[in-house]
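So the chains spell out like this:
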Amino acid sequence: MKKKQVLAMSMAAVMAAGMLAGCGSGNESAGSNGPVGGADSTGYTYAGEAPITKEDGASLKILAQTSNYTNVDIASAEIVETVVADAGITVDWQLVDYANYTDSVSPMLTTGNVDADIVLLPDQDQNQTYIKSHKFVALDEYFSVMPNFSKWLDANPVIKAELTAEDGHIYYVPGTNVGKDYQPVLMYNQKWLDEAGMEAPETLDEFVEMLRYFKEHDMNGNGSTDDEIPMSIMADYLPYMFGPAFGLDIVSGFQADADGNVVYAYADSENFKAYLEFLNGLYEEGLLEVEYTSLDRDQVIERMSKDLTGVAFDFSWAMSMMYSNVLPYYDGTADTAFVGAAPLSSADYKGYYVGRVELGNMFGVCASSKKIELACKFLDYAMSEPCQTMYQWGIEGESYTVDASGNKSYTEQASDNDWLQQLGINPSFVFPAQQSVVSTDALVADWHAECNAWQQQFVVDPWPFIYSTAEESEVINTYMVDIETYVNENATAFITGTKSLDSFDSYIEGLDALKLQEVLTVKQNQYNRYSEALGK
Amino acid sequence: MKAETKRRWKKNLKRDKYLLIMILPVVIFYLVFCYFPMTGLYMAFTDYRIGSGLAGIFNSDFVGLKWFQQFFGSVYVWRLVRNTFLLSFYSLIFGFPIPILFAVAVTQLQRKGIQKVVQVSTYLPYFISTVVVCGMIKNFLSPSSGIINQFLNVLGIESINFMSMPEWFRPIYVISGSWQSFGFNSIIFVAAIMGISPDLYEAMKMDGANKRQVIWHLVLPSIKPTIILLLIMTLGSMMSVGFEKVYLLYNTAVYETADVIQTYVYRQGVQSNNYSYAAAVGLFNSVVNFTIVFAANKLSRKITDTAIW
């Protein structure tokens, strides 16, 4: 009997303890915002080069992402370990799964349940949510210990203007994307074009002619003219592909005219209607396939592997790394590949490609950290030039060599992408890494690198990254989701013909009813602020 | 009398102390994970300040019904409520009876080996991740290469663009959902049928009942309480459609029937860190669910004399 009592009591105790184990509350201690000295306790002053400190046992806690390669342990990758060791500290990594990072870290920051000195943000904080809740340190107050970062900002005024918050402070150290290289572009199956005896089209009319030819002929030579799908474009890329030919930036939707007046391209009663009429024509003729709204990249790749399609639109890197290499006849040359071309133009508008905002992953120093100065120094060092070289090229002698004139080239071993990833190349998951065109050129096929260099001339800057004030966030959050739902739904209905373009005027009236004017006022104010910061 | 009650209460407490200790973790579980978080509902009435932790819910500015007004001020609100309700309703109407019929059928199989194979093979789809299931649906239904459309073509029927036609979204959602879960959901009914005393089967056989009569007069009445219990519990999630599946299957062409409260809140509340808004819509959903469960329980008690409480 006694045994039973003991057993029952211990079971109950264990079960209760087990349940309470997950209830610990993340408690943040108040951060120290002491004076910025620069010298550490040993008297050593960091001036932008390694190490950042000579104190024994200096360490930082960093909350960041795992690699997107599941077989890569980014914390123990050689490049990452080298940066940390050179800095003269140790890092307690808190790595959250790459795929779930936003969903996992947003609630952590929201509830204040973060115990780290440096945090990779789950998003770019465009609404200044974290800034306004004083989660992160104003880094400009620590510029005396961040020589690399402040110098880099001075050399990149656009990024500096974008990073400057409403209160005039700079809170984050960003990684950067290449903005004008390897962007979403139009690409054609070169073999199909050659067989049709055509050059890559440059105007909408030439483009439609080419699609008709692809549709009516046995381009893949399998004896049937029924299986050719002239183009395989995912719905999200239609605005990139055709918008500019109608004078529209419908990628972000907002665009400024020469006088700096902001307009909403989806509300352009003339050009947007012409854009929809054109796409509706393609749809009715079977040149824009019926399943374009649900088409995904896997389906496009599958078609390419069966040589079923002639036109694609995607990020340029897909050209040789994803689309061409699945073609049954690809031999490593541009003649047998999907090759990038010029954007489409119309009689009224010269085409262009919409580039990408250069700002990538953002790193902030937690206001609750007790090592703010050390964290600032580390972020500064992590974005220094020697580190960026390491992020882009790896370890000298292992993944790249430097010739007498200082030119770098990848080693034979670096052509093994798996090995390169294990080395920790481009560790933007944990450091503010800057993407490099030169190192990307070295990774893709030669014809692809040449094509990218040529296409760069057609790429224009996208709608800029601009912080929103509290009032602006409120207006955008309240109205923009309904406006986007309305616009996307109607655009699809007009293109597929389920809604007649005769009702286009009532569509425009509907936009007014959704308070578009209030959103435009906000966007105009933001753009004015951005122009002012740029000194325009 | 009062002293007597107190004495009896003490006596019972002493007698059942180990049972009470055993149930303590369960009580703590519900307090910690269900009742305590309910205090967070207050967030729906405040402008929650990010990073202020749990205490921040109560320190944030009180905004009354602002988030509810914003939700109900959307031009899409009634479409969202309608779509959410109808997806759940059709899932219930078509999805609920299938596991019962399947359980009845599978328990009537004489060969135990076949019974096990059938059961296991129908459970398996339940363990396939939603992402994979949605990928399969898209591939199978593709107008250009999908197996379903190829089959239709063989029959001389033109390809149907299932994924871009609003009228097909609900059938696709309901049928794929039923396919994935009917085997797993039948487990509880199989267990209930197995629990019927063999003596009753014997008695019916002696009375000359055929299989149909056994099912109609013995099996179904015996599992009626289980059916009603599960039905009422299912009704409790009428306004809670699985977010991932809709999100992975829908596109702008089918918003008319596919955009549900959860996907809208994801776009409106979660993506812009507006947790107070998301809490307000969540509260609205819960109130509706609670009302439905309450009404269903009352109705069930009146009609069938069976109820959860």
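What you are looking at is a predicted structure, and each value in this text was computed from that prediction instead of being measured. (Residues numbered from 1 in each chain as written. Chains lettered and ligands numbered in written order. Predicted model: local features only at pLDDT ≥ 70, side-chain atom pairs only at ≥ 80, totals over all residues.)

## Focus on the overall build of chain A
(1) Moving on: Along chain A, the regular secondary structure elements total 20 helices and 15 strands.
(2) Moving on: C-alpha atoms of chain A, sized along the principal axes, occupy 80 × 75 × 60 Å.
(3) Moving on: Counting contacts in chain A only where the partners sit at least 6 residues apart, residues at least 24 apart contribute 77% of the total. (Helix = DSSP H or I, 4+ residues; strand = E, 2+ residues; numbered from the N terminus. Contact = placed C-beta atoms within 7 Å.)

## Some remarks on the overall build of chain B
(1) Moving on: Helix and strand counts for chain B stand at 16 helices and two strands.
(2) Moving on: The buried share of chain B, reckoned over its 309 residues, is 27%.
(3) Moving on: In chain B, once contacts between residues fewer than 6 apart in sequence are set aside, the share between residues at least 24 apart is 65%. (Buried ≥ 20, exposed ≤ 12 C-beta atoms within 10 Å, placed from the backbone.)

## Notes on the sheet that holds strand β5 (residues 184-189) of chain A
All names here are of chain A.
(1) Moving on: The four strands lie next to each other as β6-β9-β5-β10, forming an open sheet whose pairing is mixed. Since the sheet does not close on itself, it has two edges, and those belong to β6 (229-232) and β10 (338-340), each with one partner. Each strand of the sheet is rotated relative to its neighbour by a mean of 20 degrees, with strand direction disregarded.
(2) Moving on: Where β5 lies against β10, three bridges are found, and the strand directions are antiparallel. Bridge pairing links M187 to G340 in β10. (Pairing = 2+ DSSP bridges. Axes fitted to C-alpha atoms, helices over the stretch in contact; angles between N-to-C directions.)

## What about the pairing of strand β2 (residues 90-96) of chain A?
Moving residue by residue along a regular strand, the side chains alternate between the two faces of the sheet.
Residues and elements named next belong to chain A.
(1) Moving on: In terms of strand pairing, strand β1 (residues 59-65) meets β2 through seven bridges, oriented parallel. Its bridge partner being in β2, I62 is matched across the sheet by W93.
(2) Moving on: A crossover links β1 with its parallel partner β2, the connecting element being helix α2 (residues 78-87), and its sense is right-handed. (Right-handed = clockwise from strand over helix to strand, strands pointing away.)

## Here's the deal with the sheet that holds strand β12 (residues 359-365) of chain A
Residues and elements named next belong to chain A.
(1) Moving on: Spatial strand order, β2-β1-β3-β12-β4: five strands in an open sheet with mixed pairing. Of all strands in the sheet, those bounded by a partner on one side alone are β2 and β4 (173-176). Shown here is a sheet whose adjacent strand axes are inclined to one another by a mean of 20 degrees, direction ignored.
(2) Moving on: As judged from the two bridges shared by β1 and strand β3 (residues 118-120), these two strands associate in the parallel manner. Considered in β3, the bridge of I62 is made with I118.

## Regarding helix α6 (residues 97-107) of chain B
Residues and elements named next belong to chain B.
(1) Moving on: Those residues of α6 not exposed but buried are P99, I100 and A103. In a view along the axis of α6, the buried residues occupy a sector of 105 degrees, so they form one face of it.
(2) Moving on: Among the structural elements, α10 (166-194) and α12 (211-235) are those in contact with the buried residues of α6. (Arc of directions from axis to C-beta.)

## Here's the deal with the interface of chain A and chain B
(1) Moving on: Listed as interface residues are 36 residues of chain A and, on the opposing side, 35 residues of chain B.
(2) Moving on: Only α1 (2-20), α3 (101-111), α4 (129-132) and α18 (470-496) of chain A provide two or more residues apiece to the side of chain A that touches chain B.
(3) Moving on: Sorting elements by how many residues they give to the side of chain A that touches chain B places α18(A) first, with nine residues.
(4) Moving on: Along the lines of polarity and charge, the residues of the side of chain A that touches chain B split into 14 nonpolar, 17 polar and five charged. (Nonpolar A, V, L, I, M, F, W, Y, C, P; charged D, E, K, R; others polar.)

## Structural notes on helix α11 (residues 297-305) of chain A
All names here are of chain A.
(1) Moving on: Of the positions making up α11, those classed as buried are V300, R303 and M304. Buried residues of α11 fall within an arc of 100 degrees about the axis and therefore sit on the same side.
(2) Moving on: Elements in contact with the buried residues of α11: β6, β9 (309-315) and α12 (318-323).
(3) Moving on: Remark: D307 follows α11 within two positions and exhibits a positive phi of approximately 55 degrees.

## Looking at the environment of A:Y240
Residue and element names in this part refer to chain A.
(1) Moving on: Note that Y240 resides in helix α9 (residues 238-242).
(2) Moving on: By C-beta crowding, Y240 is classed as buried, having 22 other C-beta atoms within 10 Å.
(3) Moving on: It is 23 Å that separates the C-alpha atoms of Y240 and D123, two residues lying 117 residues apart in sequence.
(4) Moving on: Each residue touching Y240, except ones within four places of it in the same chain, is listed here: P184, V251, F313 and V354.

## Focus: the nonpolar core
All names here are of chain A.
(1) Moving on: Within the largest apolar cluster, 69 residues are counted, with the highest numbers of intra-cluster contacts made by I118, V365, F378 and L379.
(2) Moving on: It is helix α13 (residues 372-382) that provides the largest number of residues to this core, a total of eight residues.
(3) Moving on: The contacts of V365, once residues within four sequence positions are left out, are D117, I118, F136, V137, L139, I372, A375, C376 and L379.
(4) Moving on: Judged by nonpolar contacts, the second largest core, of 68 residues, contains M231, L287, A341 and L344. (Core = buried A, V, L, I, M, F, W, Y, C linked by C-beta atoms within 7 Å.)

## With respect to the environment of A:L514
(1) Moving on: If you trace the backbone, A:L514 turns up in the loop between α19 (504-513) and α20 (516-534).
(2) Moving on: C-beta crowding within 10 Å serves as the criterion here: with 19 such atoms nearby, A:L514 is assigned to the partly exposed category.
(3) Moving on: For the pair formed by A:L514 and A:Y479, sequence separation is 35 residues and the distance between their alpha carbons is 6.8 Å.
(4) Moving on: Look past the residues within four positions of A:L514 in its chain and what remains in contact with it is A:Y479, A:D482, A:I483, A:Y486 and B:V75.

## Some words on the pairing of β9(A)
Residue and element names in this part refer to chain A.
(1) Moving on: The buried count for β9 comes to six of seven residues, which makes it a mostly enclosed element.
(2) Moving on: Sheet analysis places β5 next to β9, joined by five bridges and oriented antiparallel. Within the sheet, the bridge partner assigned to V185 lies in β9 and is D314.
(3) Moving on: Note that β6 and β9 share three bridges and pair parallel. Following the sheet pairing, M231 is matched in β9 by V311.

## A closer look at the confidence of the model for chain B
Caution applies to low-pLDDT parts of the model: their predicted coordinates are not meant to be read in detail.
(1) Moving on: On average, chain B scores 88 in pLDDT, and the residues at 70 or more come to 97%.
(2) Moving on: Model confidence for the complex: the whole-complex pTM is 0.77, and ipTM, which rates the interface, is 0.76. (pLDDT = per-residue confidence, 0-100.)

## Quick look at the packing of α12(B) against helix α16 (residues 275-304) of chain B
All names here are of chain B.
(1) Moving on: One can describe the packing of α12 onto α16 by two numbers: an axis separation of 8 Å at closest approach and a directional angle of 155 degrees. With respect to α16, the element α12 is oriented roughly antiparallel. Read as a crossing pair, α12 and α16 show a hand that is right-handed. Here I228, I232 and L235 of α12 lie close against α16, whose contacting residues are I292, V293, A296, N297, S300 and T304. (Parallel < 35°, antiparallel > 145°, perpendicular 65-115°, else oblique. Left-handed = near helix turned anticlockwise from the far one by under 90°.)

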